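# Tertiary structure, described
Each chain is listed here by its residues.
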2 protein chains.
Amino acid sequence: MSAGPSRAAGRLVVVGLGPGDDAWLTPEAARELATASDVVGYGPYLDRLPERAGQQRHASDNRAELDRAREALRLAASGRQVAVVSGGDPGVFAMAAAVFEAVEDGEASWRDLDIAVVPGITAMQAAAARIGAPLGHDFCAISLSDNLKPWAIVEKRLIAAAEADFVIALYNPASKARPDRIRDAFACLKLRRSGATPVIFARAIGRHDEHIHLTSLETADASLADMATLVIIGSSETRLIARRGAERPFVYTPRSYGARR
Amino acid sequence: MSAGPSRAAGRLVVVGLGPGDDAWLTPEAARELATASDVVGYGPYLDRLPERAGQQRHASDNRAELDRAREALRLAASGRQVAVVSGGDPGVFAMAAAVFEAVEDGEASWRDLDIAVVPGITAMQAAAARIGAPLGHDFCAISLSDNLKPWAIVEKRLIAAAEADFVIALYNPASKARPDRIRDAFACLKLRRSGATPVIFARAIGRHDEHIHLTSLETADASLADMATLVIIGSSETRLIARRGAERPFVYTPRSYGARR
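Here the structure is a predicted model, which means the values were calculated and not measured.

Parameters at a glance
- Residues numbered from 1 in each chain as written.
- Chains lettered and ligands numbered in written order.
- Predicted model: local features only at pLDDT ≥ 70, side-chain atom pairs only at ≥ 80, totals over all residues.
- Heavy atoms only, no water.
- Least-squares fit on C-alpha atoms with pLDDT ≥ 70 in both.
- Contact = heavy atoms within 4.5 Å.
- Buried < 20%, exposed > 50% of the residue type's maximum accessible area, 1.4 Å probe, protein only.
- Helix = DSSP H or I, 4+ residues; strand = E, 2+ residues; numbered from the N terminus.
- Pairing = 2+ DSSP bridges.
- pLDDT = per-residue confidence, 0-100.
- Axes fitted to C-alpha atoms, helices over the stretch in contact; angles between N-to-C directions.
- Core = buried A, V, L, I, M, F, W, Y, C linked by side-chain atoms within 4.5 Å.
- Phe/Tyr/Trp six-rings, centres within 6.5 Å; stacked < 30°, edge-to-face > 60°.
- Lys NZ or Arg CZ within 6 Å of the ring centre and 35° of its normal.
- Buried area = accessible area lost by both parts, 1.4 Å probe.
- Salt bridge = Lys/Arg side-chain N within 4 Å of Asp/Glu carboxyl O.
- Polar contact = N/O pair within 3.5 Å; in protein donor to acceptor, adjacent residues only side chain to side chain.
- Nonpolar A, V, L, I, M, F, W, Y, C, P; charged D, E, K, R; others polar.

### Considerations on the relation of the copies chain B and chain A
- The transform that puts chain B on chain A rotates by 180° and translates by 0.0 Å along the axis, for an RMSD of 0.0 Å. Classification of the inter-copy transformation places it as that of a two-fold axis. Closest to the rotation axis within chain B is the C-alpha of Cys140 of chain B, separated from it by 1.9 Å.
- Comparing interface residues between copies, 100% of those in chain B also sit at the interface in chain A, which points to an isologous, same-surface contact.

Right, here's the structure in full:
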């Protein structure tokens, strides 16, 4: 867009694949992936894409977001059409922020590259859709990953969310390195919200091993959460609709506040 | 799914169209729209869909969500394959919660219908993608529509969000009937957040008349917001990356908290 006449017009687009399979890959994302000269991303995301003649792949480790972003920016600066692939929505706890961090800290010319973001379905939307409409009223999304922020700010946000009665979606609830964060979050919320509050563990949604577990804050087992899990905690308004037999109830949060108590 | 042997197996699916044109319509949504016997929705959303031989359309007014949901449930109960169309993500301030309200309050047999939700890109994701990655860290989504909840709960949530330093996405910021809500929200936030905080007005994203306006909390003009506008208010961490010439800065919220102050 702003490339000078002396260099090829490179481009970088951060593409959201959505969760799971291609049922949630938007036409915009598919078009960008089909026309990119270079695809940069975490190995397992690249493995989801069909091989294309002439298209270069640059796989990297899960943890190396900034290195990956810089590599993509260098490629775009050299005139390549680069797609950085991201699970879910790249704008929600994913690659887009990493790319802009790299732009801000990187070479001055990177700021004038043509950079675009293609949104995707993010995990909380996919999880919510599978069980009903738990995000049907005001909600917040919090990442429990504390290698990027102090736990004190996470706790402050959990308390604020509980007291203002938001539905809460928790990303990155646990990992091998920090298995206790989701346990700490539940403990914090139990002090402020009814034990009967619905809690949804949604694991690997859209993948062949997709699993949804519906429980309550009182009985939630933190050890069920891992890096592939998205946890939704209802507000005081979130309701279950019982169904016959063994079918899981629907879970939803009404549009009106206070009308059903 | 649980239809008894005595009646045809009807189905109801709430389908998210995403904002704007079909670039964000997922393959799952397209498949559901192609196979439905009946499509139910707000007139302008139905107008976006191609006519299909044999498919019945049931257009309704914007305000009649519950009536629309009940009509769709009656059709599904009679054995039809019904798609209820919704802008954006039906699970986010849209039709899915209305359908489950109608199920809970309606005929007992409706609870055992096969009901599914197909997620879509919601306005805040599309708006964020257009300008960078403002939702790159913890955020909340609040509807300012106060015909469904008391203003006191909206204000409580704005205060909590401001104090816990969430990025804030505001849906339904204003309408002809209540033009002052967004003004009140800005006034509430100005007391608690720096005047320099980035504010994004994103109007009609994905449509031909799409418009993004970047300003600050200090200078935000509430009269720019209407029912087609999504407003994003940054956290204390949200940053602008200046670009050469007249190009709008990128706006993003870093993944790490406190690292850049």
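Further notes follow.
### Notes on the pairing of strand S9 (residues 198-203) of chain B
Residues and elements named next belong to chain B.
- Judged by how many residues are buried, S9 sits mostly within the fold: 5 of 6 residues are covered.
- As judged from the 6 bridges shared by S9 and strand S10 (residues 211-216), these two strands associate in the antiparallel manner. When the bridges of S10 are listed, Phe201 appears paired with His213.

### What about the confidence of the model for chain A?
- The share of residues in chain A with pLDDT of 70 or more is 95%, and the mean pLDDT across the chain is 93.
- For this predicted complex, the interface score ipTM comes out at 0.95, alongside a pTM of 0.95.

### Details of helix H4 (residues 95-105) of chain B
- Among the 11 residues that make up H4 of chain B, 10 are buried, leaving the element largely enclosed by the rest of the structure.
- The complete set of buried residues in H4 of chain B reads Met95, Ala96, Ala97, Ala98, Val99, Phe100, Glu101, Ala102, Val103 and Glu104 of chain B.

### Side note on the sheet that holds strand S4 (residues 81-86) of chain B
All names here are of chain B.
- Ordered by their spatial adjacency, 5 strands build an open sheet running S3-S2-S4-S1-S5, and the pairing between neighbours is parallel. Looking at the sheet topology across the chains shown, the edges are occupied by strand S3 (56-60) and strand S5 (114-118). Across the sheet, the mean angle from the axis of one strand to that of its neighbour is 20°, orientation sign disregarded.
- Inspection of the sheet shows strand S1 (residues 11-16) paired to S5 by 5 bridges, in the parallel sense. Each bridged residue has a counterpart across the sheet, and for Val15 the counterpart in S5 is Val118.
- Against the sheet, helix H1 (residues 27-35) engages S1, S4 and S5, with an angle of about 135° to S1.

### Re the sheet that holds strand S13 (residues 250-252) of chain B
- Read across the open sheet, the 3 strands follow the order S6-S13-S12 (chain B); overall the sheet is mixed. Two strands bound the open sheet, and with one partner strand each, they are strand S6 (132-133) and strand S12 (239-241) of chain B.
- Of the strand pairs in this sheet, S12 of chain B and S13 of chain B are connected by 3 bridges, and their pairing is antiparallel. When the sheet's bridge partners are listed, Leu240 of chain B is paired in S13 of chain B with Val251 of chain B.
- In the packing of helix H4 (residues 95-105) of chain A onto the sheet, contacts are made with S6, S12 and S13 of chain B, and the angle to S13 of chain B comes to roughly 120°.

### Some points on the nonpolar core
- Among the nonpolar cores identified, the biggest contains 54 residues, and Leu170 and Phe186 of chain A together with Leu170 and Phe186 of chain B are the most heavily contacted of them.
- With residues up to four places along the chain from it excluded, the contact list for Leu170 of chain A reads Ile142, Leu144, Leu158, Ile182, Ala185, Thr229, Leu230, Val231 and Ile233 of chain A.
- One finds Ala126 and Ala141 of chain A together with Ile121 and Ala169 of chain B within the second-largest nonpolar core, a separate group that totals 44 residues.

### Some details on the packing of aromatic side chains
- A full pass over the atoms with the stated rule returns 12 aromatic pairs over all chains.
- Judged by centre distance (5.5 Å) and plane angle (80°), the ring pair of Tyr42 of chain B and Tyr45 of chain B falls under edge-to-face.
- Grouped by ring-pair contacts, the aromatic residues Phe93 and Tyr171 of chain A together with Phe139 of chain B constitute a single cluster.
- The ring of Phe166 of chain B is capped by Arg157 of chain A, whose NZ or CZ atom sits 5.6 Å from the centre of that ring.

### Structural notes on the interface of chain B and chain A
- Contact residues are listed per partner, giving 74 residues for chain B and 74 residues for chain A.
- Both sides together, the interface formed by chain B and chain A hides about 6600 Å², and carbon and sulfur atoms give 54% of it.
- Where chain B touches chain A, the interface holds 12 salt bridges.
- The closest approach of N and O atoms between Arg255 of chain B and Glu65 of chain A, which form a salt bridge, is 3.7 Å.
- Counting across the chain B and chain A interface gives 41 residue pairs in polar contact (both at pLDDT 80 or more).
- In terms of residue class, the side of chain B that touches chain A is built from 40 nonpolar, 12 polar and 22 charged.
- Of the strand pairs in this sheet, strand S7 (residues 139-143) of chain A and strand S7 (residues 139-143) of chain B are connected by 3 bridges, and their pairing is antiparallel. Note on S7 of chain B: the bridge partner recorded for Cys140 of chain A is Cys140 of chain B.

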